[in-house]
Amino acid sequence: MPSFPPLFVVLDLCGVLAFAVNGALTALRLTRLDVVGVVTLAMFTALGGGMVRDIVLGDLPPASFLDWRYLAVAATGGLVAFVFGRHLERVSGPITVLDAAGLSLFAVVGAAKALEFGTGPVQAVILGTVTAVGGGTLRDVLIREVPTVLASDLYAIPAMLGASLLVACAALGVPALAAAGVAALGCFTLRMVGVRFNLHAPAPRR
Amino acid sequence: MPSFPPLFVVLDLCGVLAFAVNGALTALRLTRLDVVGVVTLAMFTALGGGMVRDIVLGDLPPASFLDWRYLAVAATGGLVAFVFGRHLERVSGPITVLDAAGLSLFAVVGAAKALEFGTGPVQAVILGTVTAVGGGTLRDVLIREVPTVLASDLYAIPAMLGASLLVACAALGVPALAAAGVAALGCFTLRMVGVRFNLHAPAPRR
Amino acid sequence: MPSFPPLFVVLDLCGVLAFAVNGALTALRLTRLDVVGVVTLAMFTALGGGMVRDIVLGDLPPASFLDWRYLAVAATGGLVAFVFGRHLERVSGPITVLDAAGLSLFAVVGAAKALEFGTGPVQAVILGTVTAVGGGTLRDVLIREVPTVLASDLYAIPAMLGASLLVACAALGVPALAAAGVAALGCFTLRMVGVRFNLHAPAPRR
């Protein structure tokens, strides 16, 4: 992603930090880990989705893996969560907001990158969603949880909405930055509405 | 797989549908999921094995990912299973047969594609087997089951037989279509015999 | 890795054998598997780390997958563990030593290959560690254990030390063979000290 403006990289790194902190806190809440485990899971949560996208696109080695800033920010997020875990639980409000921002950014970036690589629109929506929720899914698999994205909350659906908005805007010829803004806002809004009103995707009747 | 005849694509899509429905039903039986989770797991079951094969072969992005028909059929299978879950349980006989057909097709296609990419015979057998059982294994990991393929039933072994028959036929110069027919029939027969007589691979004595 | 001398391949195959036997024994201890499952998990443990490294580096198909000797040795290790499982538990001492040797070799080889592919030093340390611990992590995910590498023992840290020593030696211009020796020795020593004195990485206070 060398063509993205510096502002974009800063936003992207904020998303990485939020995902790393939130991923490490989730892992600490659910299982017993040492410092290596916490930092590893923070890095998986923050960078895993983008890496799966890049593997599917065949863009190897993955860009975020070659850029040391992504690795450093993700590892720092994990260390911060490891050291301040108990205190960070108290500020879960801001962390949820940051996480929703990360979700939005990752969905938009993932879909945009897929389009750049020439995939069809459906594939771009899938890869945008994978970028946003893939890292958390890998973390949940590693700590032996059923991935929350499969079973609860509106989490994958806002990401899908964001990616779809970006793909639709691109098809309509909306300029890149405006498209990214609209798409990220849509994802962020739906995610926060879901958190506020505790919405869920439909589940089978028992 | 652009060189395969149309009949072949139709058969392949039938296998995808069977795997998607069966994968979603298995997931619904074992864990609590919303509609996003069920469709996701159906797509993993149906397309995961081929994607892992393509990643190992370095054929990226995976062919079945770029072809929207595969995505659409897999997602449809998941939706059908989500909506009609309870009723489909009653027709588990036909679904088992369709699933065995899918297993046979995937084993044969996977092994043939590996040979096309110039791997050795052992590698082609492994990749045929991975194509056939990889998707179900990914699903089981995501819903936190020990992959059934590792622990029960004759499931991987028929796939291995089918892939081996294809590789052997190819080495003996049997024409492609006949080789595929023989190999798929071998896999299908052993799978159905295993289901009928409840056969298992040897397990360690306790 | 065509440029490595024959001695090196022999050592590498010893590491593969140790990982395969140890991986299969761990799987047998923790869950009920048939012979297909045991051999599959042995192969994942022995070859999975290197394959993940090669996927990230984009070096596909993975070298160890194309070399039948690696597949044969890994499968043999799994079969040996399946057949002699109970007896091998009694020689766990030598197996731990062999496993530590495999860990050291894999960490060094993985880091060296990453450097050869032009990654930065941090990435080379990560990929060396992934090569060493990735296979066992995949096995643990498949048998539904929280990966031991995330939660206990000094296992990832010696691998990280070995990979770091190799990267540091390479940066200082130490000749390849001496660098590999120093790095492997560092990893092996720390691992065995950890086993002997039952050391752990810091975990969060409860």
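Residues numbered from 1 in each chain as written. Chains lettered and ligands numbered in written order. Predicted model: local features only at pLDDT ≥ 70, side-chain atom pairs only at ≥ 80, totals over all residues. Heavy atoms only, no water.

If you look chain A up in an unreviewed UniProt entry, it shows as Trimeric intracellular cation channel family protein from Nocardioides malaquae. The UniProt entry for chain A carries the following text under Subcellular location (unreviewed entry): "Cell membrane". Recorded in UniProt for chain A, the comment headed Sequence similarities (unreviewed entry) runs: "Belongs to the UPF0126 family." (UniProt positions renumbered as here; feature names shortened; annotations may be inferred.)

Draft legend 1. The arrangement of the relation of the copies chain B and chain A in detail. Of the transformation superimposing chain B on chain A, the axial component is 0.0 Å and the angular component is 120°, with the fit at an RMSD of 0.0 Å. What the rotation and shift describe, once combined, is the action of a three-fold rotation axis. Taking the C-alpha atom as reference, chain B places Arg-144 of chain B closest to the rotation axis, 3.8 Å from it. When the interface residues of chain B are mapped onto chain A, a mere 15% of them again lie at the interface, so each copy presents a different face. (Least-squares fit on C-alpha atoms with pLDDT ≥ 70 in both. Contact = heavy atoms within 4.5 Å.)

Draft legend 2. Main features of the side chain of Lys-113 of chain C. Residue and element names in this part refer to chain C. Relative to the assigned elements, Lys-113 resides in helix H5 (residues 92-116). A residue is classified by how much of its surface remains accessible, and Lys-113, at 4% relative accessible area, is buried. Within the structure, Lys-113 has its side chain in polar contact with the side chain of Asp-59 (distance 2.7 Å). Contacts of Lys-113, omitting those with residues within four sequence positions, involve Arg-53, Asp-54, Leu-57, Asp-59 and Ala-63. (Helix = DSSP H or I, 4+ residues; strand = E, 2+ residues; numbered from the N terminus. Buried < 20%, exposed > 50% of the residue type's maximum accessible area, 1.4 Å probe, protein only. Polar contact = N/O pair within 3.5 Å; in protein donor to acceptor, adjacent residues only side chain to side chain.)

Draft legend 3. Geometry of the UniProt feature "transmembrane region" (unreviewed entry) in chain A. All names here are of chain A. UniProt records the feature "transmembrane region" (unreviewed entry) at residues 6-28, 35-56, 68-85 and 97-115, using the numbering of this structure. Secondary structure content for residues 35-56 is 100% helix and 0% strand, and the end C-alpha separation is 30 Å. This span, residues 68-85, is 100% helix and 0% strand, and a straight line between its end C-alpha atoms measures 25 Å.

Draft legend 4. Main features of the relation of the copies chain C and chain B. Rotating chain C by 120° and translating it 0.0 Å along the rotation axis places it on chain B, where the RMSD comes to 0.0 Å. Residue by residue, only 15% of the interface of chain C is reproduced at the interface of chain B, so the copies engage with different surfaces.

Draft legend 5. How the structure looks around the interface of chain C and chain B. Counting residues at the interface gives 27 residues for chain C and 29 residues for chain B. Between chain C and chain B lies a buried interface of about 2,200 Å² when both sides are counted; carbon and sulfur atoms form 69% of it. Applying the counting rule to chain C against chain B returns zero salt bridges. Where chain C packs against chain B, one counts three residue pairs in polar contact (both at pLDDT 80 or more). Elements with a contribution of two residues or more to the side of chain C that touches chain B: helix H2 (35-57), helix H3 (63-66), helix H4 (68-88) and helix H6 (121-142) of chain C. (Buried area = accessible area lost by both parts, 1.4 Å probe. Salt bridge = Lys/Arg side-chain N within 4 Å of Asp/Glu carboxyl O.)

Draft legend 6. Fine view of unusual backbone geometry. For the bond from Leu-60 of chain B to Pro-61 of chain B, the omega torsion is -10°, close enough to zero to count as cis. When you line up the elements, Pro-61 of chain B lands in the loop between helix H2 (35-57) and helix H3 (63-66). Backbone geometry places Asn-198 of chain C, a non-glycine residue, at a positive phi of 55°. Given a relative accessible area of 52%, Asn-198 of chain C falls into the exposed group.

Draft legend 7. Focus on the nonpolar core. Residues Leu-103 and Val-133 of chain A, Leu-47, Leu-103 and Val-133 of chain B together with Leu-103 and Val-133 of chain C are the most contacted members of the largest nonpolar core, which totals 190 residues. When sequence neighbours within four positions are dropped, the list of residues in contact with Leu-103 of chain A reads Phe-19, Ala-132, Val-133, Tyr-155, Pro-158, Ala-159, Cys-187 and Arg-191 of chain A. Ile-55 of chain A, Ile-55 and Leu-60 of chain B together with Leu-60 of chain C belong to the second-largest nonpolar core, a separate cluster that totals five residues. (Core = buried A, V, L, I, M, F, W, Y, C linked by side-chain atoms within 4.5 Å.)

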